[in-house]
Amino acid sequence: MLGQYATTLTFIALGAIFAYSFYAVLIAGQLSLGQAGFASLAAFSGAYLAPSGADVGDVPALLIAVAIGMSVGALAAVVLGLPTMHLRGVFLAIATLGFAEAVRVVLLNQEWTGGAQGLGVPRVLTVGMAWLALGLVAYWFWRMGRSRYGRALEAIREDELAARAMGIDVGRHRLAAFVTAGAVAGLYGVLYAYYVRLIAPDDFDFTAAVEGLVTAVVGGSTMFLGPVLGSGFLTAVPEIQRAVGVEAGWIRPFLAGLLLLVVILFLPGGLASLIRRRTRMPADAAAEAAGERAGRSHPPAGDTVVALAGLGKEYGGVHAVRGVDLEIRAGEVVGLIGPNGAGKTTLVNMISGLVPPSSGSATVLGAEIGRTPVHRIAAAGVSRTFQHSKLFNRLSALENVLVGAHLVSRPTFLRRLLWLPSARRDESAALRQAARCLERVGLAELAASRAEALSYGDQRRLEIARALASDPSLLILDEPAAGMNHVEARRLSELITSLAQDGLTILFIEHNVGMVLRTCTRVVVLNFGEVIASGAPAEIASDPAVVEAYLGSADEDPAGGSIAEGTLDDPTSAERADATPDAPPDPVVDVRPGAAGDLAPPDSTPRDAT
Ligand SMILES: Nc1ncnc2c1ncn2[C@@H]1O[C@H](COP(=O)(O)OP(=O)(O)OP(=O)(O)O)[C@@H](O)[C@H]1O
């Protein structure tokens, strides 16, 4: 029975192993077509350099060839990866395809490869060996999936910028994924060589690369079983054809193409996405001892956290930020306000390292801005949310927050491969840390929901939970209340106050001025890229320069009130209050003068809904 299907089963295993070499990089969002080149180099060098089976025995000869092939594949990936890792999408695909084609042409013209005639290799591989190799590769990716490293790769795939801001060294992770792809492609090349008896450089041409890619994409790049499903399906098609007596050779490529189209259009996660990923909230998250909290040392209250001196950013002729001098001390809650286009986001992007300054200098938690990569600034203790939500959409809410805990959790992948209990303990600790953060923002119930399925307000809270998971010293929130209703904004204000009570330093941009005035210990006002006022909320509320910046002139007050009197309401706030008639009166509003309403700038129509 097995003998009858041995060839098909072997090719399913080989196809799946080759597809895993694509999966290895697709999981990190990289589209590479160089795997055929890695496989080809590995197949020829393994078969050429390994000792003969007559000398050492067939299986040892195969194992030595596998070791040579995987090393050659990994080495080729390093050589190709170093100059190409900064390329994205189709540019990386073209560069790697060029490499594979160059390898094919070079090997075609070498004497030792046998050129177009090919190189004879003894058949050593059996169906059992092929499936054992596939099992080992699948095991590798299975154990990787739930590790810190695996989550980091998925985060890079979903949103590279947000992954950097969570402290993930994207360049290193992408290169590691590429090297894994090289080694797995190398394994495939050698196993293929020791099965088909005769290998020629044309066996590893463009068509082979596309086959591998299609198998991986059809199977799916979001779950480790994807390549097996893809290869099983695509290799089985000719067999089914034979069984039903339809021999036409065009059916398989046609079906593969059709399936690829269907998958891309209707099932972007591939066949594997039909299998539900499980997300479990740890039951004991809240009950855990406070001593377990992921910890880093925070600057003592009053120490300088942010020091900006003459900081400026110019885009072409536009001075987005100019000459900003600002100091933020540990324990402060600083609100950054100003009309649209005042330079607020540009300023916090510089502080978090996403945008290099054009002039001036800045130090944040000891890291020099402009010279320090984003992930190192995050490692120094800076965590942030974004003006436009940058969640890892296809990951669950809990997984999003787990990625946020990257910096305060320990690497677990290699220990997970060996099933070491310490890896399980570390994963559980990271899970509990993430669960606590979700609970803190009130999203525990939605832990298993995919981030993209959450409501807009929940997405913003999830971003805060993700930012909190790294136990930051400085939390930067960019318009956290955008899109929230009155009640949600009030709860958010309470959350920020309670985080500040825990000693967290917070810098937040917000158009909801009422919320800023009642939440912050200090307010900084930007206009046309310059700081026009900085001080306690009460001072800012009555500062004529601020009123003028918002309204055009302090004398012409279209809203018929003043910030200081607390009568200058956002025109929409009354409607929002009407929409939630049962909302209890805001307890924080009265604490500070001028905090009665939301003063939105004249052009603050709901923005940034994306
Ligand atoms: N990448 C960029 N390229 C060119 N100009 C930019 C870029 N980013 C910001 N700007 C410009 O810099 C100025 C400040 O923009 P920024 O987004 O920092 O303001 P903001 O105060 O955050 O505004 P908003 O409240 O609308 O978000 C604007 O004139 C904007 O058009």
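Residues numbered from 1 in each chain as written. Predicted model: local features only at pLDDT ≥ 70, side-chain atom pairs only at ≥ 80, totals over all residues.

What counts is decided by this rule: UniProt positions are given in the numbering used here, feature names are shortened, and annotations may be inferred rather than shown by experiment.
Going by an unreviewed UniProt entry, the protein carries the name Branched-chain amino acid transport system permease protein and comes from Blastococcus saxobsidens. UniProt annotates the protein under Subcellular location (unreviewed entry) with the comment "Cell membrane".

1. With respect to the domain arrangement of the protein
Note the threshold: Domain segmentation is taken from an automatic or database assignment of domains. Any residue pair is listed as a contact if its two C-beta atoms, each placed from the backbone, are within 7 Å. Put simply, DSSP marks the helices as runs of H or I at least four residues long and the strands as runs of E at least two long, and each gets a number from the N terminus on. Three classes are used, and their members are as follows: Ala, Val, Leu, Ile, Met, Phe, Trp, Tyr, Cys and Pro are nonpolar, Asp, Glu, Lys and Arg are charged, and the others, Gly among them, are polar.
Domain annotation for the protein reports domain 1 (6-205) and domain 2 (392-471). Relative to domain 2, the C-alpha centre of domain 1 lies at a distance of 32 Å. Between domain 1 and domain 2, the contact holds 17 residues from the first and 18 residues from the second. Of the residues forming the side of domain 1 that touches domain 2, the biggest block, eight residues, is contributed by helix α7 (residues 148-158). Its residues placed into classes, the side of domain 1 that touches domain 2 shows seven nonpolar, three polar and seven charged.

2. Re the nonpolar core
The cut-off we apply is this: In these notes, a nonpolar core means any group of buried Ala, Val, Leu, Ile, Met, Phe, Trp, Tyr and Cys residues linked to one another through C-beta atoms within 7 Å. The burial criterion counts other C-beta atoms lying within 10 Å of a residue's C-beta, which is placed from the backbone; the residue is buried at 20 or more, exposed at 12 or fewer, and partly exposed between these limits.
If you look at the biggest cluster of nonpolar residues, it comprises 178 residues, and the most contacted ones within it are I17, L191, A434 and L438. Top element by residues in this core is helix α9 (residues 170-196). It accounts for 16 residues. Formed jointly, this core draws a minimum of three residues from each of two domains, domain 1 (6-205) and domain 2 (392-471). In this structure, I17 is in contact with A133, L134, V137, V184, L187, Y188 and L191, ignoring residues within four places of it in sequence.

3. Re α9
For clarity, the threshold we go by: Helices are assigned an expected span. That span is 1.5 Å times one less than the residue count.
Here α9 spans 39 Å end to end across 27 residues, near enough to the 39 Å set by a 1.5 Å rise per residue. In terms of burial, α9 is largely enclosed, as 21 of its 27 residues are buried. A positive phi of about 80 degrees marks R197, the residue just after α9.

4. Points about the site of the ligand
Threshold: What makes a residue near a molecule or strand is its C-beta atom, placed from the backbone, lying within 6 Å of it.
Taken together, the neighbourhood of the ligand is formed by Y315, V318, A320, G338, N340, G341, A342, G343, K344, T345, T346 and Q387. Going through the elements one at a time, β4 (318-329) and α13 (344-351) are the ones with two or more residues in the shell around the ligand. A per-element tally of the shell around the ligand places α13 first, with three residues. Split by residue class, the shell around the ligand holds four nonpolar, seven polar and one charged.

5. Let's talk about helix α19 (residues 486-501)
In an α-helix there are 3.6 residues to a turn, and that puts residues three or four apart on one side. Formally: By construction, the arc corresponds to the directions joining the helix axis to the C-beta atoms.
Here α19 contains 16 residues, and its C-alpha end-to-end distance of 23 Å stays within 8% of the 22 Å for a straight helix at 1.5 Å per residue. Listed as buried for α19 are H486, A489, R490, L492, S493 and I496. Viewed along the axis of α19, the buried residues span an arc of 160 degrees, placing them on a single side of the element. Opposite the buried face of α19, by more than 90 degrees, sit the exposed residues S498 and Q501. Positive phi shows up at G503, right after α19, with a value of about 100 degrees.

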